[in-house]
Amino acid sequence: MLKIENLTLEKDGRQILNGINLSVNKGEIYALLGRNGTGKTSLAYAVMGCKGYEAGEGKIIFERNEITRLSISQRAKLGITLAWQKPAVFEGLTVEEYLKCKNNDTNVHGLLSIVGMSSIYLNRMVDDKLSGGERKRIELASVMAMKPKLAILDEIDSGIDAPSLPFIRKTVQKMRDNGITIILISHSEDTLNICDRASLIGAGQVLKTAYPKIVKEFFTKHCKQCNHLYEIDWKEIKYDF
Ligand SMILES: Nc1ncnc2c1ncn2[C@@H]1O[C@H](COP(=O)(O)OP(=O)(O)OP(=O)(O)O)[C@@H](O)[C@H]1O
Ligand SMILES: [Mg+2]
């Protein structure tokens, strides 16, 4: 369904994506994992077509059509959508209006209950008074409202309270069961367990693609040894613990 070929992306003179190759099959939950700052969100933005994240080289192919140079709204029309790692706030819009502007025919009560929220939230504003977890849930509901073909969920499980996490994972599985192909970016091992395949991203490249368990083992074994990010001289740190 989605094929990415040798994708590169540069930001502020730094190579963020350095020749990404991966392909996502229709109907699967495909995980992207990797350490902080390795380019997962940037890759999500590049696939979605966000401004400022246009590919340098390489191709993005969606359902056999090249979309590399299409705008974000053209890609949205083709059925691609993104749940943001840091969802934006929309001053002046209620939750109901926000969900309806994604899809006017959507059942807003149903959507909120799927993400574990009561209908009381429909009249709340999508502003910064919502908690982080509330905003994340509404973001997931808004992705479902759009009925996309491909949903990219960027850390949809971060900021969610522990008792609700299985519920959020179930929701993602339900989306897949309803025919939505999913790219899931997550740091959680439990979330990884609901994925069909995974790719480990490191230094803007795909280091390994396999079943999630195998990729996780590879990640733990190899990336932990790669200490250059954390070369700290503890003797130099003056701090009273
Ligand atoms: N607009 C930008 N301008 C400059 N640098 C950027 C920009 N967007 C991303 N980067 C840099 O690209 C690198 C990758 O960032 P990205 O957000 O894609 O990482 P990530 O893998 O999603 O990390 P995390 O797990 O922390 O969410 C980081 O070093 C980041 O600072
Ligand atoms: Mg990220």
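Residues numbered from 1 in each chain as written. Chains lettered and ligands numbered in written order. Predicted model: local features only at pLDDT ≥ 70, side-chain atom pairs only at ≥ 80, totals over all residues.

Summarise the site of ligand 1; cite the residues concerned and give the values.
Of all residues adjacent to ligand 1, which total 13 residues, the nearest are Lys11, Asn36, Lys40, Thr41 and Ser42. Among the elements that make up the shell around ligand 1, the one with the highest residue count is helix α1 (residues 40-48) (3 residues). Among the residues making up the shell around ligand 1, the classes are represented as 1 nonpolar, 9 polar and 3 charged. (Near = placed C-beta within 6 Å. Helix = DSSP H or I, 4+ residues; strand = E, 2+ residues; numbered from the N terminus. Nonpolar A, V, L, I, M, F, W, Y, C, P; charged D, E, K, R; others polar.)

Lay out the sheet that holds strand β6 (residues 80-83) with the relevant residues and their values.
Strand order in the open sheet made by the 6 strands is β6-β9-β10-β3-β11-β12, with mixed pairing throughout. A single partner strand is all that each edge strand has here, and the edge strands are β6 and β12 (205-210). On average, adjacent strands in this sheet sit at an angle of 20° to one another, irrespective of strand direction. By the bridge criterion, 5 bridges tie strand β11 (residues 197-202) to β12 in an arrangement that is antiparallel. By the bridge assignment, Ile201 is partnered in β12 with Val206. Here α1 sits on the sheet and contacts β3 (29-33), β6, β9 (150-154), β10 (181-185) and β11; the angle it forms with β9, its principal contact strand, is near 155°. (Pairing = 2+ DSSP bridges. Axes fitted to C-alpha atoms, helices over the stretch in contact; angles between N-to-C directions. Contact = placed C-beta atoms within 7 Å.)

If you had to explain the environment of Leu140 to someone new, which residues and values would you point to?
Note on placement: Leu140 falls in helix α5 (residues 132-145). Taking the C-alpha atoms as reference points, Leu140 and Tyr98, separated by 42 residues in sequence, lie 12 Å from one another. The residues touching Leu140, leaving out its near neighbours within four places in the chain, are Ala83, Val115, Ile156 and Thr171.

Provide a residue-level description of the sheet that holds strand β2 (residues 14-24), including the pertinent values.
One open sheet accounts for 4 strands, arranged β2-β1-β4-β5; its pairing is antiparallel. Each edge of the sheet is formed by a strand with only one pairing partner; in this case those strands are β2 and β5 (65-66). Here strand β4 (residues 59-62) runs beside β5; their pairing, made up of 2 bridges, is antiparallel. Its bridge partner lying in β5, Ile61 is registered against Glu66.

If you had to explain helix α8 (residues 212-223) to someone new, which residues and values would you point to?
Taking 1.5 Å of rise per residue, 12 residues should cover 16 Å, and α8 covers 15 Å from first to last C-alpha, within 8% of that figure. Where α8 is buried, its residues meet β3, α7 (189-192), β11 and β12. (Expected span 1.5 Å × (residues − 1).)

Let's hear about unusual backbone geometry: which residues, and what values?
Positive phi, close to 50°, is recorded for Asn6, a residue that is not glycine. Examined against the element boundaries, Asn6 turns out to sit in strand β1 (residues 2-11). Note on Asn6: 14 C-beta atoms within 10 Å, which makes it partly exposed. For Ala203, which is not a glycine, the phi torsion comes out positive at approximately 50°. Locating Ala203 in the fold gives a position in the loop between β11 and β12. For Ala203, a count of 15 C-beta atoms within 10 Å corresponds to the partly exposed category. (Buried ≥ 20, exposed ≤ 12 C-beta atoms within 10 Å, placed from the backbone.)

So what about the pairing of β3? Which residues, and what values?
Counting buried residues along β3, 5 of its 5 residues qualify, which places the element largely inside the surrounding structure. Of the two faces of β3, the one carrying Ile29, Ala31 and Leu33 and the one carrying Tyr30 and Leu32 are both buried. Taken together, the 4 bridges between β3 and β11 define a ladder with parallel strand orientation. Of the residues in β11, the one forming a bridge with Tyr30 is Arg197.

Explain the environment of Tyr53 to me, using residue names and the numbers behind them.
The topology assignment puts Tyr53 in the loop between α1 and β4. On a C-alpha basis, the gap between Tyr53 and Leu43 in space is 8.3 Å, while along the polypeptide they are 10 residues apart. Setting aside chain neighbours within four positions, we find Tyr53 in contact with Leu9, Ser42, Tyr45 and Ala46.

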